[in-house]
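Descriptive analysis of the structure
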Amino acid sequence: MSNKMYQTHSLLDIWIQENNELVNKWKQQEGGDALSRHPSQNQTHLRLCSSEFNKLLRKIQGIPPLADHTQLELTVVYNACVCSMAQSQFSEAQLLLQQATERVLQMTGDDPVASDPTGFWRTVLKSVGNTALTPCVLSLLCLQWAIWLSTCQLKTIQEFQDELFSVFETLSTGVWDEGRREPRGKSSDIPLLVMDPRRLVELLQICTLIAQGAERLSEGRSSEALSGLQSAFSLPAPRTLIAYTHLLSGSCLAHMSRPQMALQCYRKALETDSQCVCALYQSMLIYRQLGNTQAEIQALRLLHSTLTLPSATEPALAGTHLLSPSLLLCSRSLSSLLSVPSALSVLHNLALNCVLHGRLSEGVEYYLDLLAALHSEDQHGVHAEGPPLPRLPELYLQAGAALLMARRPADCMALCDEVITTTLELLPEKVVLEEPEEECEAETKALSAGGEDEKVRMLLWAGAAYLLQGHCYTHLKDWKPAVTHYTRCFNLLVKRLKGLSLAGRGISFTQTDQLREALRDLQLSMQALPECAGAGLWCGEVLWRLGRRREAAACWEKTWSFTPQPSVESLSVYLQEPQSGPLLDSMELRRRIQELGPTSSA
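Residues numbered from 1 in each chain as written. Predicted model: local features only at pLDDT ≥ 70, side-chain atom pairs only at ≥ 80, totals over all residues. Heavy atoms only, no water.

A few words now on the overall build of the protein chain. Of regular secondary structure, the protein chain possesses 30 helices and zero strands. Across the protein chain, the fraction of contacts at a sequence separation of at least 24, relative to all contacts at a separation of at least 6, is 67%. A total accessible area of about 29,000 Å² is found for the protein chain, and carbon and sulfur atoms account for 51% of it. (Helix = DSSP H or I, 4+ residues; strand = E, 2+ residues; numbered from the N terminus. Contact = heavy atoms within 4.5 Å. Areas by Shrake-Rupley, 256 points an atom, 1.4 Å probe, with all protein chains shown as cover.)

The structure is reproduced here in structure tokens:
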């Protein structure tokens with residue numbers, strides 16, 4: 001009998017030593033130069049450790065469960081499960097937990113009567129009571145919690161939340177250390193763990209509150225989500241996670257139509273973690289909603305500079321610990337709330353906003369930076385989530401329009417030449433375009449990257465390039481090539497661009513005193529595009545020069561009374577009416593009308 005007990009203690013000592021050597025080997029690998037190693041090296045070492053822990057577990061479980069072995073067995077199960085979960089092998093970890101807890105019930109003489117997970121765990125917890133096994137079982141319960149969280153089983157966590165959150169209080173007391181001390185008292189006799197369950201449960205608690213908050217927010221339960229998140233602010237956790245609680249609180253307030261309070265939360269998120277790019281992005285969206293253009297542009301600029309930092313390309317929740325927050329927070333609801341456009345998409349948004357709001361020199365430089373980045377190998381965050389960039393010809397045309405607005409017609413024409421060269425050589429000799437019923441909206445869709453017919457898109461891009469070049473020659477007061485390029489645009493395109501090209505050609509004719517040709521084009525332009533103010537004003541000017549002054553006055557008044565359609569503001573910048581070239585002074589035109597006297601109502 002004594003020989004058998006001696007053999008049992010010998011095996012126990014050997015297995016404890018083997019477990020501890022594996023743990024120390026992993027911790028030695030995890031520390032030191034862990035950050036300088038390639039991730040594949042860490043994964044290789046992790047797989048080796050996982051394999052060794054499983055081999056050791058099979059040895060221990062090769063004999064019937066004994067009280068002396070149980071603490072060691074559950075410790076090795078814990079270590080093997082952590083290694084499996086660190087490799088996202090959650091089903092393997094779940095199987096190990098199931099087998100281990102069933103052996104605990106077998107040793108205590110209880111039967112697993114409950115089939116549902118929460119009922120089963122309640123049975124396990126009741127069976128061990130306040131025995132020495134309690135800390136070991138609680139550490140396994142932490143892993144079960146982690147599996148439920150990683151696999152987005154939030155309803156199960158909600159059903160068992162009272163028990164789970166009480167684990168934090170239990171593990172924080174001396175019960176944990178007391179329960180893990182062997183009577184022999186030597187530290188070498190205590191089986192080691194690859195990850196402290198007390199640190200894990202702290203991580204689980206805040207990650208659960210974050211995941212639940214994101215889920216409730218996505219379901220429209222903003223007030224409930226906000227209430228749950230407020231309890232997470234003071235928890236012991238990494239700065240990144242505390243920042244996420246402020247971020248999600250801001251999103252709740254934004255959904256509750258409290259934008260200023262939302263901005264305060266986003267500011268707290270950034271104060272907590274300066275790399276919380278999601279908070280910058282959400283702040284920008286709030287400023288856009290409030291119509292605060294200057295603040296929106298400033299937020300876009302800061303967001304772009306942050307996204308181009310090397311640290312911004314690394315996962316925000318990555319860490320050297322085995323079970324990092326990124327493994328625990330993977331729900332679609334949270335991923336959607338944390339998504340941020342790529343640095344290139346932000347740069348495009350920044351360039352376009354600057355151009356549309358009169359900051360032309362900045363907008364031009366941002367467009368040129370964008371085109372340079374697209375042609376270089378260094379494209380920060382090009383694979384990030386968010387809306388895709390417009391096609392390259394579209395970007396060239398937008399940049400060209402910005403250059404023209406900034407009085408750089410030569411640079412604009414160079415970009416347009418690139419578009420024309422690229423697109424026209426790919427076009428067939430003839431493409432048939434049907435006139436849409438809703439011209440403005442249909443053409444906008446046709447010009448977008450989501451259009452169905454690639455050849456039609458290329459045709460429209462080429463036509464838009466000719467239009468811009470016509471504007472450039474008009475700006476340079478070179479009327480003959482202006483007429484030529486407007487004609488080329490007119491011959492290619494449909495309603496909106498026909499209206500703009502006819503207006504441009506008509507204005508060019510006025511500068512060479514071809515008044516009848518000018519009147520014809522300007523009247524056709526007004527028919528195709530009634531909101532084209534330039535066509536209306538210049539049509540009145542031509543009528544005035546032809547001696548038809550009452551008609552001219554009526555034409556001007558009709559043009560001034562026209563209210564632009566909201567859809568026009570959403571058009572691409574190169575499809576909008578040019579603000580350069582020959583311009584008429586509205587004050588002078590009104591003075592003429594006053595001198596003419598009252599006009600008959602038309």
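A full pass over the atoms with the stated rule returns three aromatic pairs. Each ring, one from Trp148 and one from Phe160, has its centre 6.1 Å from the other, and the planes form 90°; the classification is edge-to-face. Here Trp148, found in helix H6 (residues 134-150), pairs with Phe160, found in the loop between helix H7 (154-159) and helix H8 (161-171); they are twelve residues apart in sequence, far enough to count as distant. Comparing Trp148 with Phe160 shows no difference in burial state: the two are buried. (Phe/Tyr/Trp six-rings, centres within 6.5 Å; stacked < 30°, edge-to-face > 60°. Buried < 20%, exposed > 50% of the residue type's maximum accessible area, 1.4 Å probe, protein only.)

For helix H30 (residues 586-596), the complete set of buried residues consists of Leu589, Arg592 and Ile593. One face of H30 carries all of its buried residues, which in axial projection span an arc of 100°. In H30, the exposed positions that point more than 90 degrees away from the buried face belong to Met587, Gln594 and Glu595. Residues of H30 that are buried sit in contact with helix H27 (533-545) and helix H28 (549-561). (Arc of directions from axis to C-beta.)

In terms of nonpolar packing, the biggest core is built from 178 residues, with Trp121, Leu140, Leu143 and Leu323 touching the most fellow members. If sequence neighbours within four positions are ignored, Leu143 has contacts with Tyr78, Cys81, Val82, Met85, Leu97, Leu200 and Leu323. (Core = buried A, V, L, I, M, F, W, Y, C linked by side-chain atoms within 4.5 Å.)

A few words now on the pattern of salt bridges. Taken as a whole and judged by the stated rule, the model has 23 salt bridges. The salt bridge partner of Arg103 is Glu73, with a shortest N-O separation of 2.5 Å. Placement of the pair is Arg103 in helix H4 (residues 90-108) and Glu73 in helix H3 (residues 67-86), with a sequence separation of 30 residues. Like Glu73, Arg103 is buried. Between Arg408 and Asp411 there is a salt bridge whose closest N-O contact spans 3.0 Å. Residue class for Arg408 comes out partly exposed when judged on its relative accessible area of 30%. Under the relative-accessibility criterion, Asp411 is labelled partly exposed at 34%. Within this structure, Glu541, Arg545, Glu588, Arg591, Arg592 and Glu595 form a network of salt bridges that share partners. (Salt bridge = Lys/Arg side-chain N within 4 Å of Asp/Glu carboxyl O.)

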